[in-house]
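Residue strings, one per chain:
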Amino acid sequence: MTAPLTPPHRPAPNDSLRNHPRPAHHPDGEGLEMRSELRRAAVVLAGVTLAGIALGLLWLWLAPRVPLISNGKAVFSADTEGEETAGVDGTFVLLALGFGVLSAAVVFWFNRRGGIATVVALALGGILGSLLAWGTGYLLGPEQDVVAHAREVGRGVVFDAPLGLRAKGALLAWPVAAMIVHLALTALFAPRDPEPEWLPPGPDHRG
């Protein structure tokens, strides 16, 4: 009489695999999900970037004007103690922060599960939108050729300087605000993944 090779109280090496089969992977489903996420990211990138036009128009409307004057030989500030230049940058930063909060909220509302591609698109769209806003305000604002404009208006006549940014760090206000708000919304309201269920030990796992 011979003893069994595997004691009855111990499972065979392959029992656990038979009782708990590994979940099957579906490459086609994963590929579809990846393409869907990339499409959503492309929509976010395009939408946030184009919103920069609205930011540029608001900046052009709300930013203070910097007065210049010419003495016939040179162009200089008509108000040496004015704070218009700082006001131009400050207006852009405040508007960009608002657009960052709004864009993050909209993106999260329509895509609560997020995804790395969507987050990257939101940040990149904020940078491109800021650049587009800067260009919009500059091109649609006062004359860019200061010397030609000074000759046109004449000596001693005050005119507006081109709309521009002295502090280029203002271009980061939008993407930084968008990332902070989106991260906060994701932490507070994003759906949680279900916790794994622990199965009770079967009869084969009892001692």
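These remarks concern the structure in this document.

### Quick notes on the overall build of the protein
Part 1 of the argument: When its secondary structure is counted, the protein shows 6 helices and 3 strands.
Part 2 of the argument: In the protein, the succession of helices and strands from N to C terminus is α-α-β-β-α-α-α-β-α.
Part 3 of the argument: When each of the 207 residues of the protein is scored for burial, the buried share is 30%.
Part 4 of the argument: In the protein, the share of contacts with a sequence separation of at least 24, taken over all contacts with a separation of at least 6, comes to 81%.
Part 5 of the argument: When the accessible area of the protein is evaluated, it comes to approximately 14000 Å², of which 65% is carbon and sulfur surface.

### What to know about the layout of surface pockets
Part 1 of the argument: Here the largest pocket is characterised by a volume of approximately 320 Å³.
Part 2 of the argument: Taken together, 22 residues line the largest pocket, and the ones lying closest to its centre are Val66, Thr85, Ala161, Pro162 and Arg166.
Part 3 of the argument: Taken together, the elements giving at least two residues each to the lining of the largest pocket come down to β1 (67-70) and α3 (84-110).
Part 4 of the argument: Here the element with the most residues in the lining of the largest pocket is α3; it accounts for 4 residues.
Part 5 of the argument: Looking at the lining of the largest pocket, its residues break down into 12 nonpolar, 5 polar and 5 charged.

### Brief notes about the packing of α3 against helix α6 (residues 173-189)
Relative orientation and spacing of two packed helices are given, respectively, by the angle between their axes and the distance between those axes.
Part 1 of the argument: Running from amino to carboxyl end, α3 crosses α6 at an angle of 35°, the nearest separation of the two axes being 7 Å. The crossing of α3 and α6 is right-handed. Here Val93, Ala96, Leu97, Phe99, Gly100, Val101, Ser103, Ala104, Ala105, Val107 and Phe108 of α3 come into contact with α6, specifically with Ala173, Trp174, Ala177, Ala178, Val181, His182, Leu185, Thr186 and Phe189.
Part 2 of the argument: Class assignment of the residues belonging to the contact of α3 with α6 gives a composition of 16 nonpolar, 4 polar and no charged.

### Considering α6
Part 1 of the argument: The terminal C-alpha atoms of α6 lie 24 Å apart, and with 17 residues this matches the ideal 24 Å at 1.5 Å per residue to within 8%.
Part 2 of the argument: Residues Ala173, Trp174, Pro175, Ala177, Ala178, Val181, His182 and Leu185 constitute the buried set of α6.

### A short note on the side chain of Thr49
Part 1 of the argument: Along the polypeptide, Thr49 turns up in helix α2 (residues 27-62).
Part 2 of the argument: Take Thr49: its relative accessible area is 16%, and that puts it in the buried class.
Part 3 of the argument: Within polar-contact distance, the side chain of Thr49 engages the backbone oxygen of Leu45 at 2.7 Å.
Part 4 of the argument: Ignoring anything within four residues of it in the chain, the contact list for Thr49 reads Gly125, Leu128, Gly129 and Leu132.

### Overview of the sheet that holds β1
Strands in a sheet are paired, the pairing made by backbone hydrogen bonds, and the direction either parallel or antiparallel.
Part 1 of the argument: Read across the sheet, 3 strands follow the order β2-β1-β3 without closing on themselves; strand pairing throughout is antiparallel. The sheet is open, and its two borders are formed by β2 (75-77) and β3 (159-160), each paired with just one other strand.

### Focus: helix α4 (residues 116-140)
Along an α-helix, residues three or four apart share an orientation, since each turn contains 3.6 residues.
Part 1 of the argument: The end-to-end C-alpha separation of α4 is 36 Å, in line with the 36 Å expected for 25 residues at 1.5 Å each.
Part 2 of the argument: Residues of α4 that are buried: Ala117, Thr118, Ala121, Leu122, Ala123, Gly125, Gly126, Gly129, Ser130, Ala133, Thr136 and Gly137.

### Thoughts on the packing of α3 against α4
Part 1 of the argument: Close contact between α3 and α4 brings their axes to 11 Å; oriented N to C, the two are set at 150°. The angle between the axes of α3 and α4 places the two elements in the roughly antiparallel class. α3 and α4 meet at a crossing whose hand is right-handed. Counting all contacts with α3, which are made through Phe92, Ser103, Ala104 and Val107, the residues of α4 involved are Thr118, Leu122, Ser130, Ala133 and Trp134.
Part 2 of the argument: Residues of the contact of α3 with α4, tallied by class, amount to 6 nonpolar, 3 polar and no charged.

### What to know about the pairing of β1
Part 1 of the argument: Side chains Pro67 and Ile69 of β1 all project onto a buried face; the interleaved residues Leu68 and Ser70 project onto the opposite face, where all are buried too.
Part 2 of the argument: When β1 meets β3, the two strands line up antiparallel, connected through 2 bridges. From the neighbouring strand, Leu68 faces β3, where its bridge partner is Phe159.
Part 3 of the argument: Relative to β2, β1 runs antiparallel, the two being bridged by 3 bridges. Counted as the bridge partner of Ser70 is Val75 from β2.
Part 4 of the argument: Linking two consecutive strands that pair antiparallel, namely β1 and β2, is a turn of 4 residues; a positive phi of about 95° is found at Gly72 within it.

Calculation criteria
Residues numbered from 1 in each chain as written. Predicted model: local features only at pLDDT ≥ 70, side-chain atom pairs only at ≥ 80, totals over all residues. Heavy atoms only, no water. Helix = DSSP H or I, 4+ residues; strand = E, 2+ residues; numbered from the N terminus. Buried < 20%, exposed > 50% of the residue type's maximum accessible area, 1.4 Å probe, protein only. Contact = heavy atoms within 4.5 Å. Areas by Shrake-Rupley, 256 points an atom, 1.4 Å probe, with all protein chains shown as cover. 1 Å grid on protein atoms, 1.4 Å probe; cavity = no way out; pocket = protein on both sides within 12 Å on 5 of 7 lines; lining within 4 Å. Points joined across faces, edges and corners; volume = space filled by probe spheres on them. Nonpolar A, V, L, I, M, F, W, Y, C, P; charged D, E, K, R; others polar. Axes fitted to C-alpha atoms, helices over the stretch in contact; angles between N-to-C directions. Left-handed = near helix turned anticlockwise from the far one by under 90°. Expected span 1.5 Å × (residues − 1). Polar contact = N/O pair within 3.5 Å; in protein donor to acceptor, adjacent residues only side chain to side chain. Pairing = 2+ DSSP bridges. Parallel < 35°, antiparallel > 145°, perpendicular 65-115°, else oblique.

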